[in-house]
Amino acid sequence: MSAVEMGLVNGKSATTYAPNDNLTYAEAIKLAACMNQLYNEGAISLASGNLTVEEGMSFHDAELASASGDITVCVPVTGTLEADTASGNVVLGPAAEPYGSVEVGTASGGVSMIGIDALSLDVDTASGEIALTDVSAGDILSESASGEITFIRVTADREMEFDTASGDVRFEEIAAPEISAETTSGDVRGSVAGGMVIFAKSTSGNIRVPYPASETEGVFEISTTSGDVEITQAGNS
């Protein structure tokens, strides 16, 4: 019985197998998972399932891809981590060492990162939500076409950027030398723990940005076409 008949491999697409190509990390991990399931259960059901990389593994570079399953990573990837899924979610959790450069993309799934440190983060989703909690990185770029972006206790050494077409941007206790938040039809609302240059833009939503009471001066560039703008000191209304 061939690997195809057993369900171990199913090609690059419906018409392409490319048997002489090198395996990506994602393909190798999926193949190992399928072989393990075949050995232990006698059948394979992971053709479009979830992909989990957790304790016991470590990589310098990793490229993970899933057509319709979730991707979960909780191990050090100290070089470049690329994670892409069409309709699943991507979850990054705490690892023993900081992540390197992280690039995450989803078509309709959400992106969640909890308790991680990274050299840089670049997150892009077409219609999913982006949620970061207790995260720190050098640069943080986040973009969603129609989903909400939420940052809680997130710090960036250089730049932090939010961009969504029709979702809200919400943040609590974020800090960066430069913070930029832009939405076309959503609200921008949150609290800033530190950041001397703040840009906020909304076409038809409201903007509310309390800044720390300890900061006596800063640069604010705020614009909205048809919404309200409110800038207050933290603790004041």
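Residues numbered from 1 in each chain as written. Predicted model: local features only at pLDDT ≥ 70, side-chain atom pairs only at ≥ 80, totals over all residues. Heavy atoms only, no water.

> Looking at this structure, I do not really get the overall build of the protein. What am I missing?
Secondary structure assignment for the protein yields two helices and 17 strands. Counting every position in the protein, which comprises 237 residues, the buried fraction comes to 36%. (Helix = DSSP H or I, 4+ residues; strand = E, 2+ residues; numbered from the N terminus. Buried < 20%, exposed > 50% of the residue type's maximum accessible area, 1.4 Å probe, protein only.)

> Quick question: what am I supposed to make of the environment of glycine 88 here?
Assignment of secondary structure puts glycine 88 in the loop between strand 4 (80-85) and strand 5 (90-92). Residues glycine 88 and glycine 109 lie 21 residues apart in sequence; the distance between their C-alpha atoms is 4.8 Å. For glycine 88, the residues in contact, after removing those within four places along its chain, are Ser68, Gly69, Asp70, Thr106, Gly109 and Gly110. (Contact = heavy atoms within 4.5 Å.)

> What exactly am I supposed to notice about the side chain of threonine 125 here?
Turning to its location among the elements, threonine 125 is positioned in strand 8 (residues 117-125). On the basis of relative accessible area, threonine 125 is assigned to the buried category, the value being 0%. In terms of polar contacts, threonine 125 uses its side chain to reach the side chain of threonine 106, at 2.6 Å. Other than its neighbours up to four places away in sequence, threonine 125 contacts Thr106, Ala107, Gly109, Ile130, Glu143, Ser144 and Ala145. (Polar contact = N/O pair within 3.5 Å; in protein donor to acceptor, adjacent residues only side chain to side chain.)

> Just checking my understanding: could you explain the nonpolar core for this structure?
One recurring pattern in soluble globular proteins is that nonpolar side chains are buried together. Met113, Leu121, Phe151 and Phe162 are the most contacted members of the largest nonpolar core, which has 45 residues in total. Leaving out residues up to four positions away in the same chain, phenylalanine 162 has contacts with Ser142, Ile149, Phe151, Val169, Phe171, Ile174, Ile179, Ser180, Ala181 and Glu182. (Core = buried A, V, L, I, M, F, W, Y, C linked by side-chain atoms within 4.5 Å.)

> It is not clear to me how the side chain of serine 180 should be interpreted in this structure. Could you clarify?
Inspection of the secondary structure puts serine 180 in strand 12 (residues 178-183). By relative accessible area, which is 17% here, serine 180 ends up buried. Sequence-distant contacts of serine 180, defined by excluding residues within four places in its chain, comprise Met160, Glu161, Phe162 and Phe199.

> Hey, could you run me through unusual backbone geometry in this one?
Glycine aside, the phi torsion of most residues is negative, and most peptide linkages are trans. The phi torsion at aspartate 134 lies on the positive side, around 55 degrees, for a residue other than glycine. Within the fold, aspartate 134 resides in strand 9 (residues 130-144). Although it is not a glycine, arginine 153 adopts a positive phi angle of roughly 50 degrees. Mapped onto the secondary structure, arginine 153 falls in strand 10 (residues 149-164). We classify arginine 153 as partly exposed; its relative accessible area is 39%.

> Help me understand a negative patch on the surface in this model?
Where like charges cluster on the molecular surface, the negative patch consists of Glu63, Asp84, Glu103, Asp122, Asp124 and Glu143. Assignment of secondary structure puts glutamate 143 in strand 9. On the basis of relative accessible area, glutamate 143 is assigned to the partly exposed category, the value being 40%. (Patch = residues over 30% accessible without salt bridge, like charges linked within 9 Å, V, L, I, M, F, W, Y side chains within 5 Å. Areas by Shrake-Rupley, 256 points an atom, 1.4 Å probe, with all protein chains shown as cover. Salt bridge = Lys/Arg side-chain N within 4 Å of Asp/Glu carboxyl O. Lys, Arg positive; Asp, Glu negative; His and termini not counted. Charge placed at Lys NZ, Arg CZ, Asp CG, Glu CD.)

> Help me out: how do you make sense of the pattern of salt bridges in this one?
Where charged atoms from two side chains of opposite charge come close, those side chains can pair. If you walk through the whole model with that rule in mind, you get four salt bridges. Across the salt bridge formed by aspartate 168 and arginine 170, the nearest N and O atoms sit 3.0 Å from each other. On the accessibility criterion, aspartate 168 (19% relative accessible area) is buried. Put simply, Glu148, Asp168 and Arg170 are held in one network by salt bridges that share partners.

> Help me out: how do you make sense of the packing of aromatic side chains in this one?
We describe a pair of aromatic rings using the distance from one ring centre to the other and the angle between the two ring planes. This model, assessed by the stated rule, comprises two aromatic pairs. With a centroid separation of 4.5 Å and 55 degrees between ring planes, the pair formed by phenylalanine 151 and phenylalanine 162 is classed as tilted. Both rings, one in phenylalanine 162 and one in phenylalanine 171, keep their centres 5.4 Å apart while their planes meet at 25 degrees; by these two values the pair is stacked. For the pair phenylalanine 162 and phenylalanine 171, a shared accessibility class is recorded, and that class is buried. (Phe/Tyr/Trp six-rings, centres within 6.5 Å; stacked < 30°, edge-to-face > 60°.)

> How do you make sense of the environment of phenylalanine 162 when you look at a structure like this?
With respect to the helices and strands, the residue phenylalanine 162 is situated in strand 10. On the basis of relative accessible area, phenylalanine 162 is assigned to the buried category, the value being 1%. Placed twelve residues apart in sequence, phenylalanine 162 and threonine 150 show a C-alpha to C-alpha distance of 9.2 Å.

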